[in-house]
Amino acid sequence: MVVGGQWGDEGKGKLVDFLAQRADMVVRSQGGNNAGHTVVTEHGEFKFQLLPSGILHPDVTCVIGNGVVVDPRVLIREMEQLRERGIEPRNLVVSERAHMVMSYHPLFDKVEEEVRGDDRLGTTWRGIGPAYSDKVRRIGFRIGDLQKEVFMRKKLGFVVGQVKNPILHGLYREQPFECEEMIVDYLGYARALDPYIRDTFPIVQDALDRHANVLLEGAQSTMLDLDFGTYPYVTSSNCSAGGACTGSGIAPTRVDRTVVVCKAYTTRVGYGPFPTELTDHVGDAIREGGNEFGTVTGRARRVGWFDGAVARYAVRLNGATSLALMKLDVLDEMPELRICLGYDFRGEFHDHPMANISHLKHCAPRYETLPGWERPIGHCRTWEELPPNCRAYVERLEELCGTPIQMIGVGPRRDQFVVRGQPFF
Ligand code: IMP
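What this report covers is the structure whose coordinates are included nearby. (Residues numbered from 1 in each chain as written. Predicted model: local features only at pLDDT ≥ 70, side-chain atom pairs only at ≥ 80, totals over all residues. Heavy atoms only, no water.)

Quick look at helix 10 (residues 308-318)
Logical step 1: Across the 11 residues of helix 10, eight count as buried, placing the element largely inside the fold.
Logical step 2: At the N-terminal end of helix 10, a side-chain oxygen is found 3.0 Å from the backbone nitrogen of A309, two or three residues along, and the residue is D307.
Logical step 3: The first or second residue beyond helix 10 is G319, which carries a positive phi of 60°. (Buried < 20%, exposed > 50% of the residue type's maximum accessible area, 1.4 Å probe, protein only. Helix = DSSP H or I, 4+ residues; strand = E, 2+ residues; numbered from the N terminus. Polar contact = N/O pair within 3.5 Å; in protein donor to acceptor, adjacent residues only side chain to side chain.)

Focus: the packing of helix 5 (residues 149-171) against helix 6 (residues 179-193)
Logical step 1: Close contact between helix 5 and helix 6 brings their axes to 10 Å; oriented N to C, the two are set at 140°. When the interaxial angle is binned, helix 5 and helix 6 end up oblique. Considering only the axes of helix 5 and helix 6, their crossing is right-handed. Note on element contacts: helix 6 touches helix 5 through C179, E180, M182, I183, Y186 and L187, opposite E149, M152, R153, L156, G157 and V160. (Axes fitted to C-alpha atoms, helices over the stretch in contact; angles between N-to-C directions. Parallel < 35°, antiparallel > 145°, perpendicular 65-115°, else oblique. Left-handed = near helix turned anticlockwise from the far one by under 90°. Contact = heavy atoms within 4.5 Å.)

Considering the state of the cysteines
When the sulfur atoms of two cysteines share a covalent bond, that bond is a disulfide.
Logical step 1: What the rule picks out here adds up to zero disulfides.
Logical step 2: Free of any disulfide, C62 has its nearest cysteine sulfur in C245, 19 Å distant.
Logical step 3: Taking the relative accessible area as the measure of exposure, C62 reaches 0% and is therefore buried.
Logical step 4: Of all cysteine sulfurs, the one in C340 lies closest to C363, which takes part in no disulfide; the gap is 7.4 Å. (Disulfide = S-S within 2.5 Å.)

Considerations on the nonpolar core
One recurring pattern in soluble globular proteins is that nonpolar side chains are buried together.
Logical step 1: Core analysis: the biggest nonpolar cluster contains 59 residues, and L15, L75, L92, M102, I143, L146 and M152 have the highest contact counts within it.
Logical step 2: Those residues in contact with L15 that sit more than four places away from it in its chain are V2, V259, V261, A324, M326, M407 and F417. (Core = buried A, V, L, I, M, F, W, Y, C linked by side-chain atoms within 4.5 Å.)

So, the side chain of T276
Logical step 1: Tracing the backbone through its elements, the reader meets T276 in the loop between strand 12 (266-268) and helix 9 (281-289).
Logical step 2: Within polar-contact distance, the side chain of T276 engages the backbone oxygen of W305 at 2.8 Å.
Logical step 3: Apart from the residues within four sequence positions on either side, T276 is in contact with T266, V303, G304, W305, D307, C340, P365 and Y367.

Focus: the packing of helix 2 (residues 72-84) against helix 6
Logical step 1: As a packed pair, helix 2 and helix 6 sit with axes 10 Å apart at the nearest point and diverge in direction by 40°. What the angle tells us is that helix 2 and helix 6 run oblique. Between helix 2 and helix 6 the crossing geometry is left-handed. Facing helix 2, whose interface residues are P72, R73, L75, I76 and M79, helix 6 presents Y186, Y189, A192 and L193.
Logical step 2: Counted by class, the contact of helix 2 with helix 6 contains eight nonpolar, no polar and one charged residues. (Nonpolar A, V, L, I, M, F, W, Y, C, P; charged D, E, K, R; others polar.)

Remarks on the site of the ligand
Logical step 1: Around the ligand there are 15 residues in total, and D9, N34, T124, T235 and V269 lie nearest to it.
Logical step 2: At 2.9 Å from an oxygen atom of the ligand is found a side-chain nitrogen or oxygen belonging to N34.
Logical step 3: Side-chain polar atom of R299 to an oxygen atom of the ligand: 3.1 Å apart, as the coordinates give it.
Logical step 4: A total of 460 Å² of accessible area belongs to the ligand in isolation, and the protein chains cover 96% of it. (Near = heavy atom within 4 Å. Areas by Shrake-Rupley, 256 points an atom, 1.4 Å probe, with all protein chains shown as cover.)

Comments concerning the environment of R28
Logical step 1: Position of R28 relative to the elements: it lies in strand 2 (residues 25-28).
Logical step 2: Spatially, the C-alpha atom of R28 lies 13 Å from that of D17, the residues being 11 residues apart in sequence.
Logical step 3: Look past the residues within four positions of R28 in its chain and what remains in contact with it is A35, Q49, L50, P52, V63, I64, G65, V68, E217, A219 and G247.
Logical step 4: Within the structure, R28 has its side chain in polar contact with the backbone oxygen of G32 (distance 3.3 Å).

Details of helix 9
Logical step 1: Within the span of helix 9, buried status applies to V282, G283, I286 and R287. Projected down its long axis, helix 9 shows its buried positions confined to an angular sector of 135°, all on one face. Exposed residues on helix 9 whose side chains face more than 90 degrees from its buried face are H281, E288 and G289.
Logical step 2: Looking at the buried residues of helix 9, the elements they touch are strand 13 (302-304).
Logical step 3: Where helix 9 begins, the side chain of D280 points an oxygen toward the backbone nitrogen of V282, at a separation of 3.1 Å. (Arc of directions from axis to C-beta.)

Details of the side chain of N91
Logical step 1: On the secondary structure map, N91 appears in the loop between helix 2 and strand 7 (92-95).
Logical step 2: At a separation of 3.0 Å, a polar atom in the side chain of N91 contacts the main-chain carbonyl oxygen of V60.
Logical step 3: Every residue in contact with N91, bar those within four places of it in the chain, is listed here: G54, I55, H57, P58, V60, T61 and C62.

Points about the pattern of salt bridges
Logical step 1: Using the criterion set out here, one finds 27 salt bridges in the structure.
Logical step 2: The partner of K12 in a salt bridge is E10, and the shortest N-O contact between them spans 2.7 Å.
Logical step 3: Exposure remark for E10: the relative accessible area of 0% places this residue in the buried category.
Logical step 4: Between D134 and K164 there is a salt bridge, with its nearest N and O atoms 2.8 Å apart. Within this pair, whereas D134 is found in helix 4 (residues 128-137), its partner K164 is found in helix 5, the two being separated by 30 residues in sequence.
Logical step 5: Exposure remark for D134: the relative accessible area of 1% places this residue in the buried category.
Logical step 6: Residues joined by salt bridges that share partners form a network here, namely D9, K263, E292, R301 and K327. (Salt bridge = Lys/Arg side-chain N within 4 Å of Asp/Glu carboxyl O.)

Examining the environment of R97
Logical step 1: Summarising the element assignment, R97 is placed in the loop between strand 7 and strand 8 (99-100).
Logical step 2: In this structure R97 touches N66, R142, D199 and F201, once residues within four positions along its chain are discounted.
Logical step 3: Side-chain polar atoms of R97 contact the side chain of D199, separated by 3.0 Å.

Spelled out as structure tokens, the structure:
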């Protein structure tokens, strides 16, 4: 299992792509096209939102699991983009239990953000929250419903006619949706997706039973988790380890290893507390150096020092067996580096993020300063090749997080990893 340890964008896609070389199956279990994964291969750069990162490995079965919310338009577009580059996504299966982001969900996302005014969350406007809300309200549509025309027609009549349009038109003065037009669109999506829609339960379980290497690819991250993140500045799914299990149908006892992925510094997109945020030239330098601009929305990411309290929280919450530390090379030129040990708030020291986001917003991070290594590490492939100050930084993070750092990203390319030990499979 690969899980994000911060606020997303840690480089999970690159790690999954690397690990997928030895996987038989990659499963996505939550999130939707709010996620953005960039993978750089010898064939160039690929950006995925819904497709599992393993899709570039033709022998790996890629599963979009039941916990994902799928916008069929986006999935079809991504598959077409792959085809244009000569790759047929033959290895893709989509759970019939996965819910759909319907055409009205992005509009609800937008208008609901607008009415929040200054308290808006900074969502990606992809309709993720509204889609998950409808799933819980039991008025959602599942991918499998595409194969049931009569049912689709009847249910759309109810959901659109009785629930969505009255709110959209009556409350927000937006154009109502036309059920007949929607049916035509959705029948088209049904035709395009039909070969890929499956009951993924036996597919995944049979793979586990024959001891295949199954990789669970997390999207978003621990601090964006609906329960354990900085609520309400979170996404609408459980992106920690528990959500990966329910979102794929893989029992916790079948997970052998959990890798928490962190960047060597911290970033966040959208609003909400971020104790180690840097709003000065150091932050600007890291943003530029790390190209910290959103894959999905293009927004500049907020940037800050490595937060040891957040990373340790992620390690404990997800039961990490190891950490992967990404983008360490971005810190190459820093004369010194700061690491957050925890937070001082009203005379008390907290070694993990507080549930009360107001406390997290107003706390003072307590830092430790380490010397930088001030030379490039992009060519390094072994632990010994890394400069001593660089190793000292990594070792200190390991100590703070309480788990070994077995993978270290030293550049954007697929091969730019320092691997310590024999961590996987
Ligand atoms: P939503 O998931 O679109 O509802 O957005 C909720 C919050 O999660 C916003 O702050 C988004 O910026 C953030 N978010 C959602 N997906 C990602 C991601 O893949 N990376 C980073 N932040 C994300």
